[in-house]
Amino acid sequence: MSETIDLKLHVWRQSGPKDKGAFADYSKHAKGISTHASFLEMLDVVNERLVAEGEAPIAFDHDCREGICGMCGAVINGVPHGHRKQTTTCQLHMREFQNNAEVYVEPFRAGSFPIIQDLVVDRSSFDTIIQAGGYVSVRTGSAPDANEIPIPKQISDRAMDAAQCIGCGACVAACPNASASLFLSAKLAHLNLLPQGQPERYRRTRQMVLAHDQAGFGGCTNHRECEAACPKGISTDFIARMNRDVLVASLTDKDGELI
Amino acid sequence: MELESHCPTGDIEKRWENHRFDLKLVNPANKRKFDVIVVGTGLAGASAAATLAELGYNVKAFCYQDSPRRAHSIAAQGGINAAKNYQNDGDSVYRLFYDTVKGGDFRSRESNVYRLAQVSVSIIDQAVSQGVPFAREYGGLLDNRSFGGAQVSRTFYARGQTGQQLLLGAYSALAKMIAAGKVAMYNRHEMLDLIVEDERARGIVTRDLVSGKIEAFTADAVCLCTGGYGNVFYLSTNAKGCNVTGSWRAHKRGAAFANPCYTQIHPTCIPPAGEYQSKLTLMSESLRNDGRVWVPKDPANAAKDPRSLSEKDRDYYLERIYPAFGNLVPRDIASRAAKRMCDDGLGVGPVVGDKRRGVYLDFADAIKREGKARIEEKYGNLFEMYQRITGDDPYETPMRIYPASHYTMGGLWVDYDLMSTIPGMFVLGEANFSDHGANRLGASALMQGLADGYFVISYTLGNYLAKKGKNDVGADSKLAKKAVKEVEKKIADLIEIGQKGSTHPDEFHRRLGTLMYDKCGMGRNAEGLKEALEEIPKLREEFWSDVQIVGSGTELNSLLEKAGRIADFIELAELMCHDALDRDESCGAHFREEHVREDGEAKRDDENFAYVAAWEHTGDHGAPKLHKEPLEFEYVKLSQRSYK
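Residues numbered from 1 in each chain as written. Chains lettered and ligands numbered in written order. Predicted model: local features only at pLDDT ≥ 70, side-chain atom pairs only at ≥ 80, totals over all residues.

1. Structural notes on the overall build of chain A
When you go through chain A residue by residue, the secondary structure sums to eight helices and nine strands. The dimensions of chain A, computed from C-alpha atoms along their principal axes, are 65 × 40 × 35 Å. Looking at the 259 residues of chain A, the share that counts as buried comes to 56%. Sequence-distant contacts, at least 24 apart, represent 71% of the contacts inside chain A between residues at least 6 apart. (Helix = DSSP H or I, 4+ residues; strand = E, 2+ residues; numbered from the N terminus. Buried ≥ 20, exposed ≤ 12 C-beta atoms within 10 Å, placed from the backbone. Contact = placed C-beta atoms within 7 Å.)

Here it is in structure tokens:
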């Protein structure tokens, strides 16, 4: 494997939400890229070269660069976060690309994720969904001893499987319906599985699903593109679990009693 | 400037309880009349904003990220300490207190640390109630692991994503209060100044990172929860956006900066691979529970396949030098030992600069002992991350690790109530200096951030507001407008320079980082620090005449953001070197090469340096002024740390 590669790089440039946007060819800026660099470090190098020419750098969101904050994300050759499974854009390394590879980079596209600039999108609709019920209503200071409620390990582990969602939005970008069902169902499963989440289980389900729909996300029609794109490998089983909770919620009144 | 710590006296077990009783209260009906600003939404900020809003205060919270859930606390992997003694292995509040003071090399306040150990217990209860899925045993009860610097198992964890789960817990509490209308959340906003008048913090000035709008927000109190300054080293384990700007601008408005030279270099990071390297990735210290650190005994074996080297060719140097703690010695000791090995030519991995910078962390024995499945369960995501970054499989071949800047114990000076030297401005979490002394133990950062946010500020803020009442300066006052104008001018000046400049902001940052690692990193000496104090002002001058910024201030502009933050890092770096030079002793992470014990460890000088160094800003070109807060130890006996 050679230590450096050249890319035929095309990046989506869009100055603001109202601009139409287009791909720009940065192949001449993407030469001699180290194969040990991460994808974002490749963009850093391209940006430094652009700035040296007096051009505005490509805007992209990023922060921790270790795959946990969920801030980065781009569609790389048609796949959110690129083709390597269970890997965020920041953790994708250039050793995954061939020399002279054609690479297209564009933002996560969905009506509920308006583009701010270039690859930067507004994902605040995710916060809105959480605000609708993605919490256990416990005030600081009122908690019982942590070991008072034993939780079977397999339940706790399952909740953790769901809880590790990083909220990046790749599931939405991958879905033909621009549905956020994977994100939504993971958040619901995390809390709805645990004893602490039971008192508000159906109320939470109703409210968060409503917030999801009101934010303009589409419905799930089982394409399962989301699971394939999810950098944390979150399973669509959680969507099935959510649908069961939605069904029960539809059969219960506000107090959780069966109608 | 007066440093009054307001630490309670008397029986240490009763200090916090008695102090809480002495604090004034704001009655529930009056709480809703008070506004509080919280800057930063990591563990400290999110927990503080949620808790204060639950109490009834009106909170305005700010973060530079696109969502409060992304603050860098999220990246903490290993765990959170608490003196629950669920393992029945001899832990207690007193032991956690003792370990923390000792681990900090006797440079922290006993009263603060004892309180931290006391409230640690409630943090776990709170987190579990929120639905934080900590690891459990088959019986359904919480599991614990041991961590560096401790001989008991008191660390709670959620796979390798403890920070993420705790932050999502705090974020969910924050989301609940946003929905309740008690918190106004400002995402993609950066604090650029603190508004102060008549010795009281009145508000902040922010820049909307999308529109570029500069705006003043006023409140009755301001809480800075803006994290640490590890990015002064450029290559660090911090997120790219982590910066010192909030703290630094407050420092320039009168907040003393304490112990800036106490910076922690974490022993278990993935070594750098090349020039383009933008950050370093931490592998949780918990790996040291099961991994064995070694280097080849013979430098000639450095490039060989480590699996081909027999036991007799390996030097398990931590186990050899520190038999009692072995691979679990505190971070500073492990970092320096790794650096010594590499400096002596025993390092492994690719040659970076002039030597191989890496040591092995080997899991072969643990896999043999416990089975691959158990190791995968404990560290699976860390192993995956390592493989993704380096291309090597740690189940098959040892990891390579090297120390990197990770955490800063120094920060804005605060009293026992977490209030800075500017009345009305409180500082929480990593941004303050208070609990970790000269070195932080593993799994204590999450504990401190949440202790400050959930269980300390909720009491102490009320006391201040009850005494001082409302702030009468509003966002449309002359004072606030003047503050906005000043920030606007500063940005306009920077852009004007930037349009003619020719050097990318990152280039200045890289140069600063190299200089700081070299002169004010794992080892420091007077000569090097003096050289740094000559070089930094030159770098600063060059920055202010040649930094390049493309674009304007009225749009999303990453170059402008970077330039503003780097300008502050350069100034901070100078203060760090002053502090490191002034502290003519070794303690914890501050290792002055002139002060070494015979066994190679840090040699403290308690007679002359058992104090907190709090620095006052005296103008842009004035020398910083040192104030000393003496440290007294009534409970923990001052001794030379020994982990042998």
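Here the narrative resumes.
2. Quick look at the domain arrangement of chain A
When the parts come together, some accessible area is lost, and that loss is often what is quoted as the size of the interface. Residues and elements named next belong to chain A. On domain assignment, one finds that chain A holds domain 1 (4-106) and domain 2 (123-250). For domain 1 versus domain 2, the distance between C-alpha centres works out to 30 Å. Of the residues lining the interface, twelve residues belong to domain 1; the matching set on domain 2 comes to eleven residues. Class assignment for the residues of the side of domain 1 that touches domain 2 results in five nonpolar, seven polar and no charged. (Domains from an automatic or database assignment. Nonpolar A, V, L, I, M, F, W, Y, C, P; charged D, E, K, R; others polar.)

3. Some remarks on the sheet that holds strand 2 (residues 58-62) of chain B
Strand pairing in a sheet takes place through backbone hydrogen bonds and is either antiparallel or parallel in direction. Residues and elements named next belong to chain B. Read across the sheet, five strands follow the order 5-2-1-9-19 without closing on themselves; strand pairing throughout is parallel. Of all strands in the sheet, those bounded by a partner on one side alone are strand 5 (183-186) and strand 19 (425-427). Taking each pair of neighbouring strands and ignoring which way they run, the sheet shows an average axis angle of 20°. (Pairing = 2+ DSSP bridges. Axes fitted to C-alpha atoms, helices over the stretch in contact; angles between N-to-C directions.)

4. Concerning the packing of helix 3 (residues 153-163) of chain A against helix 5 (residues 181-193) of chain A
All names here are of chain A. As a packed pair, helix 3 and helix 5 sit with axes 8 Å apart at the nearest point and diverge in direction by 155°. The orientation of helix 3 relative to helix 5 falls into the category roughly antiparallel. As helix 3 runs across helix 5, the sense of the crossing is left-handed. Two secondary-structure elements touch here, helix 3 through Ile155, Arg158, Ala159, Ala162 and Ala163 and helix 5 through Ala186, Ala189, His190 and Leu193. For the contact of helix 3 with helix 5, the class distribution of residues is seven nonpolar, one polar and one charged. (Parallel < 35°, antiparallel > 145°, perpendicular 65-115°, else oblique. Left-handed = near helix turned anticlockwise from the far one by under 90°.)

5. Thoughts on the domain arrangement of chain B
All names here are of chain B. Structurally, chain B comprises domain 1 (12-264 + 407-468), domain 2 (266-405) and domain 3 (485-609). For domain 1 and domain 2, the distance between their C-alpha centroids amounts to 31 Å. Taken together, the 23 residues of domain 1 in the interface contact 24 residues of domain 2. Of the residues in the side of domain 1 that touches domain 2, the class split is four nonpolar, 16 polar and three charged.

6. Things to note about the interface of chain B and chain A
Taken residue by residue, the interface counts 63 residues in chain B and 65 residues in chain A. For the side of chain B that touches chain A, the elements supplying multiple residues, two or more each, are helix 3 (43-55), helix 5 (110-130), helix 6 (162-179), helix 11 (372-390), helix 12 (445-468) and helix 16 (558-582) of chain B. Looking at which element gives the most residues to the side of chain B that touches chain A, the answer is helix 6 of chain B, with nine residues. Counted by class, the side of chain B that touches chain A contains 25 nonpolar, 25 polar and 13 charged residues.

7. Re the environment of Ala613(B)
Residues and elements named next belong to chain B. Along the chain, the position of Ala613 falls in strand 20 (residues 611-616). C-alpha separation for the pair Ala613 and Val348, spaced 265 residues apart in sequence, amounts to 38 Å. Apart from residues lying up to four places away in sequence, Ala613 is in contact with Ala258, Asn259, Asp579, Asp582, Arg583, Leu626 and Lys628.

8. Some words on helix 4 (residues 93-103) of chain B
All names here are of chain B. Most of helix 4 is tucked away: eight of the eleven residues are buried. Every buried residue of helix 4 is accounted for by Val93, Leu96, Phe97, Asp99, Thr100, Val101, Lys102 and Gly103. Residues of helix 4 that are buried sit in contact with strand 3 (80-81) and helix 5. Positive backbone phi, at 55°, marks Asp105, one or two positions downstream of helix 4.

9. Thoughts on the pairing of strand 7 (residues 200-208) of chain B
Residues and elements named next belong to chain B. Most of strand 7 sits inside the fold, with seven of its nine residues counted as buried. Linking strand 6 (residues 189-197) to strand 7, which pair antiparallel, is a turn of two residues; within it Asp198 sits at a positive phi near 50°. Both strand 7 and strand 8 (residues 214-218) contribute to a ladder of five bridges, which runs antiparallel. Across the sheet, the residue bridging to Arg207 is Ile214, located in strand 8. In this antiparallel pair of consecutive strands, strand 7 and strand 8, the connection spans five residues, and Gly212 shows a positive phi of 80°.

10. Some details on the sheet that holds strand 7 of chain B
Residue and element names in this part refer to chain B. With respect to topology, three strands assemble into an open sheet ordered 6-7-8, the strand pairing being antiparallel. One side of each edge strand has no neighbouring strand; the edge strands of this open sheet are strand 6 and strand 8. In this sheet, adjacent strand axes meet at a mean angle of 30° when their direction is disregarded. Pairing of strand 6 with strand 7, which is carried by eight bridges, proceeds in the antiparallel orientation. Bridging from a neighbouring strand, Ile195 pairs with Gly203 of strand 7.

11. Overview of helix 13 (residues 478-500) of chain B
If you check helix 13 of chain B, its first and last C-alpha atoms are 34 Å apart, about what 23 residues at 1.5 Å a residue would give, namely 33 Å. Listing the buried residues of helix 13 of chain B in full gives Ala480(B), Ala483(B), Val484(B), Ile491(B), Leu494(B) and Gly498(B). (Expected span 1.5 Å × (residues − 1).)

12. Details of the environment of Ala249(A)
Residue and element names in this part refer to chain A. Mapped onto the elements, Ala249 comes out in helix 8 (residues 237-250). With 19 C-beta atoms counted inside 10 Å, the residue Ala249 sits in the partly exposed group. A sequence separation of 232 residues divides Ala249 from Pro17, and the C-alpha atoms of the two residues are 38 Å apart.

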